[in-house]
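# Breakdown of the fold
Read off the chains here:
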Amino acid sequence: MNDVAPDSEFRTSAATHDAGRIVLVLQGGGALGAYQAGVYHAMHDAGIEPDWVIGTSIGAINASLICGNQRADRLTALHEFWHRVALKGQWPSWPVYPPLSQVLNYWSILHSGLQSFFDPNPLAFCGPHVELGAERAGYYSTQPLQRTLSDLVDFDLINRGKMRLTVGAAHVRTSQMHYFDSEAAKLDVRHIMASGALPPAFPAVRIDGELYWDGGILSNTPAEIVFDEYPRHSSLIFAVHMWNPIGPEPRTIWEVMHRHKDIQYSSRIASHIIRQKQLHRMRHIIEELASHVPEAERQSKRIQDMLALGCDTRMHIVRLLAPSLEHEDQTKDVDFSKAGIRARWRAGYENAQLAIKQAPWRGELDEMEGVLLHEFVGAQDARLTVAPPVKSLSDDRAPATAHGA
């Protein structure tokens, strides 16, 4: 079925041989996260398993489903989650005006919530000044999501540390980004909930006495933690982006709202990558110059501190940008329709499959370049095919527990 043959051993794909540490970085974006599931599906089928998964918001949820299940059960967990949160009883498509059904579905979710994800908080709709309490101040309750994650994610498995999990959240009091990392502390469902607590829809989550909101309001593309880590490691980073930083000029208020979301949540990723390319090139230059420093001079602490700024690590960023679907608008992150989930999952699979097949990180490299960007936007090769990956969305089977650890 696939042009990329699955490998039976954990992380033995020839495509990533000698590429360094494998990192999967997942943005926030609500329903757009089905694209991330498709990307992981393609990696899984190619025998590529990440050493480290980093996520914010829906990216944190998908990351927990990947890290919190044994390899054989990860796709089952992802399928089950997206099956449970898929919109039930959605409006049929209107051939005369197709966008009408997605608008009606959008308002249906705003009114009634989403099964297994969030329920309306009636008191919040009584007025903006009603005292709700710090941990209930949101238009919706995410208790259904807590039950879903508790059912599908094995946090004991995460905390045993075979695959590293990091999720980003915004510290409410200080507006500082905080990363909860399974290498540094034990994680539980609260950490995933905090990373996805987008205000004012969802209430903040309290952890160790402090409140946290969705990390996406500060950094929706949490790749900086990879670059900032010390000591640094050569890495192959699959960065999955759902918000397009490039787009047309809007001509209506509806289009303005759509473009505003794309700009806001793409998190200035282009400028971040340019900056990291500059920094890593400088580190490589320092490393090269270090070989010309006489041995006697190297004994100086001042010189040693300077040379410590250099390194020869290399970061390959494989940027997988989700394509726009037909009639897509500013409600796309709440498009939990079965058709929308299927389409985005398939797009993620095909885009990642193309990237893995081409494996641009194996080409000739400039020795001074420390960060190399490889971009893949949408499915670009019609010859790459896959069986419909989300068939569970077409039935109404009983829910399952997926972590099987």
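Here, every reference points to the structure presented above.
To keep things clear, this report deals only with the structure shown in the data block.

Looking now at helix α1 (residues 34-45). Counted at 1.5 Å a residue, the expected span for α1 with its 12 residues is 16 Å, and the 17 Å between its end C-alpha atoms agrees. The buried fraction of α1 amounts to 12 of the 12 residues, a majority that puts the element mostly inside the structure. Among the residues of α1, those classed as buried are Ala 34, Tyr 35, Gln 36, Ala 37, Gly 38, Val 39, Tyr 40, His 41, Ala 42, Met 43, His 44 and Asp 45. Where the residues of α1 are buried, they touch β1 (21-26), α2 (58-67), α3 (74-85), β9 (235-241), β10 (315-321) and α13 (338-358).

Here we take up the nonpolar core. Counting residues in hydrophobic clusters, the biggest one holds 80 residues, and the most contacted among them are Leu 24, Ile 61, Phe 81, Trp 82, Phe 117, Phe 238 and Leu 320. A per-element tally of this core places α13 first, with eight residues. Dropping the residues within four chain positions of it, Phe 117 is found in contact with Ile 61, Phe 81, Val 85, Ser 141, Thr 142, Pro 144, Leu 145, Phe 202 and Phe 336. By size, the runner-up hydrophobic cluster in this structure holds 16 residues, among which are Tyr 179, Ala 223, Val 226 and Ile 273.

Right, let's get into the environment of Ala 169. You can see Ala 169 is positioned in strand β5 (residues 164-171). The spacing of Ala 169 and Asn 220 is 51 residues in sequence and 9.7 Å in space, taken between C-alpha atoms. In this view, Ala 169 contacts Gln 176, Met 177, His 178, Phe 180, Ala 194, Ser 195, Tyr 212, Trp 213 and Gly 215; residues no more than four positions away in its chain are not counted.

We now examine the packing of α1 against α13. Taken N-terminus to C-terminus, the directions of α1 and α13 make an angle of 40°; their axes are 6 Å apart at the nearest point. Taken together, α1 and α13 sit at an angle that is classed as oblique. The handedness of the crossing between α1 and α13 comes out as right-handed. In contact with Ala 34, Tyr 35, Ala 37, Gly 38, Val 39, His 41, Ala 42, Met 43 and Asp 45 of α1, α13 contributes Ile 341, Arg 344, Trp 345, Ala 347, Gly 348, Tyr 349, Asn 351, Ala 352, Gln 353 and Ile 356.

When we look at a pair of aromatic rings, we describe it by the centre distance and by the angle of the planes. Taken as a whole, this structure holds 15 aromatic pairs when the rule is applied. For the ring pair Phe 117 and Phe 336, a centre distance of 5.9 Å and an interplane angle of 80° mean the geometry is edge-to-face. Here Phe 117, found in the loop between α4 (99-112) and β3 (119-120), pairs with Phe 336, found in the loop between β10 and α13; they are 219 residues apart in sequence, far enough to count as distant. According to the relative accessible area criterion, Phe 336 is buried, its value standing at 4%. A connected cluster of aromatic rings, assembled from ring pairs, spans Phe 81, Trp 82, Phe 117, Phe 118, Phe 125, Tyr 139, Tyr 140, Phe 202 and Phe 336. Above the face of the Trp 52 ring, Arg 164 is positioned so that its terminal group lies 3.7 Å from the ring centre.

Bringing the pattern of salt bridges into the picture now. Within the structure shown, the criterion is met by 23 salt bridges. Here Arg 259 and Asp 262 are joined by a salt bridge, their closest N and O atoms 3.7 Å apart. Of this pair, Arg 259 and Asp 262 both sit in helix α9 (residues 253-266), three residues apart, which is roughly one turn of that helix. Glu 328 is the partner of Lys 332 in a salt bridge, and the nearest nitrogen-oxygen pair spans 3.7 Å. Lys 332 gets classed as buried once you look at its relative accessible area, which sits at 5%. It is possible to trace a salt-bridge network through shared partners that takes in Arg 259, Asp 262, Glu 328, Lys 332, Asp 335 and Arg 344.

Each value, and the rule that gives it
Residues numbered from 1 in each chain as written. Predicted model: local features only at pLDDT ≥ 70, side-chain atom pairs only at ≥ 80, totals over all residues. Heavy atoms only, no water. Helix = DSSP H or I, 4+ residues; strand = E, 2+ residues; numbered from the N terminus. Expected span 1.5 Å × (residues − 1). Buried < 20%, exposed > 50% of the residue type's maximum accessible area, 1.4 Å probe, protein only. Contact = heavy atoms within 4.5 Å. Core = buried A, V, L, I, M, F, W, Y, C linked by side-chain atoms within 4.5 Å. Axes fitted to C-alpha atoms, helices over the stretch in contact; angles between N-to-C directions. Parallel < 35°, antiparallel > 145°, perpendicular 65-115°, else oblique. Left-handed = near helix turned anticlockwise from the far one by under 90°. Phe/Tyr/Trp six-rings, centres within 6.5 Å; stacked < 30°, edge-to-face > 60°. Lys NZ or Arg CZ within 6 Å of the ring centre and 35° of its normal. Salt bridge = Lys/Arg side-chain N within 4 Å of Asp/Glu carboxyl O.

From the geometry alone we can't say anything about function, so treat these as descriptive.
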